[in-house]
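Fold and geometry: a report
The primary structure of each chain is shown beneath.
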Amino acid sequence: MGNSSNERYVLLTDYDTDSAYSAAYYTLFANIRLNWESASTQQHTLLLTTPTAHAEQAAAVANVAIAAAQSGIPTILMDADLRTPGLQQRFGLAKGPGLSDLLAEESISPQKIPNYLQSTFVPGLQVLGAGTSPAKGALLLLSPKLKEVVSSICQYQAASETQPGIVIFHSPPVLAGPDASLIGALVEQTFLSIIVGHTTRAQAKQAQEQLERAHAKLAGIIMLNA
């Protein structure tokens, strides 16, 4: 599957379940899931981000979400990258109301969440896209409404599913601004993706320090091949 710039964007479903590519993502998700055992919450929240921009990061987030859903876990994938959104298109979904529109609501509640979700071709996986006004929404990420969004999505998922689910956030790179740090401070786990041959040691260290200053719960480092 290609994105708007015709770059190759490979989803887990493009591969046989026995392939090395698929096995790598199922193993990654299994390791992420192990960290849940000590968590006190029923609905789980996760941020995957990277120090600097790279197309492979969006693919990784999408594939972790697919692995979660195919493992039988109700999954919501949120495109919180309001600077360069694109997850809706990559799942073949039409652009529609999403996070930016939800943040613009006067009040946010669990009852409003279904209006912004889109089902995908993967059973159990829904996407909450960036929305129709991502530029305006990027400013609203700085408001207390972001916390209300996270809370409302978790409440909605808990009420609508028969088993604990997961909400996976895709954000802009850590070093691109405060967005990733703001989200990291609100979710249960944050994983920092290092792109081999692209991310420098200095960038990785700076991103880690920025997340830690925001009190993000940094649960691990993910190594991705460019």
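Structural notes on the overall build of the protein
Tallying secondary structure elements over the protein gives eight helices and seven strands in all. In terms of its C-alpha atoms, the protein occupies a principal-axis envelope of roughly 45 × 40 × 35 Å. Pairs at least 24 apart in sequence give 80% of the contacts found in the protein among residues at least 6 apart. About 10,200 Å² of surface is accessible on the protein, with carbon and sulfur atoms providing 52% of the total. Looking at charge distribution, the protein has the averaged site of its 13 positive side-chain charges lying 7 Å from that of its 17 negative ones.

Here we look at the packing of aromatic side chains
In the structure shown here, the tally under the stated rule is two aromatic pairs. For the ring pair Phe 91 and Phe 121, a centre distance of 5.9 Å and an interplane angle of 35° mean the geometry is tilted. Pair noted here: Phe 91 is in the loop between helix H3 (87-90) and helix H4 (99-103) and Phe 121 is in the loop between strand S3 (118-119) and strand S4 (125-128), with a separation of 30 residues, a long-range link. Owing to a relative accessible area of 3%, Phe 91 belongs among the buried residues under this scheme.

Brief notes about the confidence of the model for the protein
Mean pLDDT over the protein stands at 87; residues scoring 70 or higher make up 90%. In this model residues 1-8 is a low-confidence stretch, pLDDT under 50, and it forms 14 contacts with partners more than four residues away in sequence or in other chains.

As for helix H1 (residues 20-34)
For H1, spanning 15 residues, the distance from its first C-alpha to its last is 21 Å, which sits close to the expected 21 Å at 1.5 Å a residue. Ser 22, Tyr 25, Leu 28, Phe 29 and Ile 32 are the residues of H1 that are buried. Summarising the axial view, the buried residues of H1 lie within an arc of 130°, below the 170-degree limit, and thus occupy one face. The outward face of H1, more than 90 degrees from its buried face, is lined by the exposed residues Ala 20 and Leu 34.

So, the side chain of Ser 193
Within the element layout of this structure, Ser 193 appears in strand S6 (residues 189-196). Apart from residues lying up to four places away in sequence, Ser 193 is in contact with Thr 49, Thr 50, Pro 51, Gln 57, Ile 222 and Leu 224.

Regarding helix H6 (residues 145-160)
Counted at 1.5 Å a residue, the expected span for H6 with its 16 residues is 22 Å, and the 22 Å between its end C-alpha atoms agrees. Residues of H6 that are buried include every one of Lys 145, Leu 146, Val 149, Val 150, Ser 152, Ile 153, Cys 154, Tyr 156 and Gln 157, and no others. Elements in contact with the buried residues of H6: strand S1 (44-49), strand S2 (75-79), H4, S4, strand S5 (166-170) and helix H7 (179-184).

Section: the pattern of salt bridges
Following the criterion strictly, the structure yields two salt bridges and no others. Between Arg 83 and Asp 179 there is a salt bridge whose closest N-O contact spans 2.7 Å. Of this pair, Arg 83 sits in the loop between S2 and H3 while Asp 179 sits in helix H7, and the two are 96 residues apart along the sequence. You can call Arg 83 partly exposed: its relative accessible area is 43%. You can call Asp 179 buried: its relative accessible area is 3%.

Regarding the packing of H1 against helix H2 (residues 55-70)
Running from amino to carboxyl end, H1 crosses H2 at an angle of 75°, the nearest separation of the two axes being 9 Å. Here H2 runs roughly perpendicular to H1, going by the angle between their axes. Contact with H1, carried on its side by Tyr 21, Tyr 25, Tyr 26, Leu 28, Phe 29 and Ile 32, involves Glu 56, Ala 59, Ala 60, Asn 63, Val 64, Ala 67, Ala 68 and Gln 70 of H2 and no other residues of that element. Each residue belonging to the contact of H1 with H2 can be placed in one class, and the counts come to eleven nonpolar, two polar and one charged.

Definitions and limits used
Counting restarts for each chain, with residues numbered from 1 along the sequence as it is written. Whole-chain, interface and lining totals are the exception, using all residues; otherwise, since this is a predicted model, local features are given only for residues with pLDDT of at least 70 and side-chain atom pairs are given and counted only at 80 or more. To get the side-chain values, all heavy atoms of the structure are used, and hydrogens and water are removed first. A run of H or I in DSSP counts as a helix once it spans at least four residues, and a run of E counts as a strand once it spans at least two, with each numbered from the N terminus. A contact between two residues is defined here by any heavy atoms of the two lying within 4.5 Å. The protein chains shown are the only cover counted for residues, whose accessible areas, like all others here, come from Shrake-Rupley with a 1.4 Å probe. For the charge count, each Lys or Arg is scored as positive and each Asp or Glu as negative, with His and the chain ends excluded. To locate a charge, take atom NZ for lysine, CZ for arginine, CG for aspartate or CD for glutamate. A pair of Phe, Tyr and Trp rings is counted when the ring centres sit within 6.5 Å of each other, with Trp represented by its six-membered ring. The angle between the planes then sorts it: under 30 degrees is stacked, over 60 is edge-to-face, the rest tilted. Exposure categories follow from relative accessible area, calculated using a 1.4 Å probe and restricted to protein chains: below 20% of the type maximum is buried, above 50% is exposed, and the middle band is partly exposed. The pLDDT value expresses, per residue, how confident the predictor is, ranging between 0 and 100. A helix is expected to reach a length of 1.5 Å times the quantity of its residues less one. The directions considered for the arc run from the helix axis to the C-beta atoms. Throughout this description, the term salt bridge denotes a Lys or Arg side-chain nitrogen within 4 Å of a carboxyl oxygen of Asp or Glu. Axis definition: a line fit to C-alpha positions, over the contact stretch in the case of helices; interaxial angles, taken between N-to-C directions, run 0 to 180 degrees. Note that the term roughly parallel is reserved for angles under 35 degrees, roughly antiparallel for angles over 145, roughly perpendicular for angles of 65 to 115, and oblique for everything else. Gly counts as polar in this scheme, as do all residues outside two lists: the nonpolar Ala, Val, Leu, Ile, Met, Phe, Trp, Tyr, Cys and Pro, and the charged Asp, Glu, Lys and Arg.

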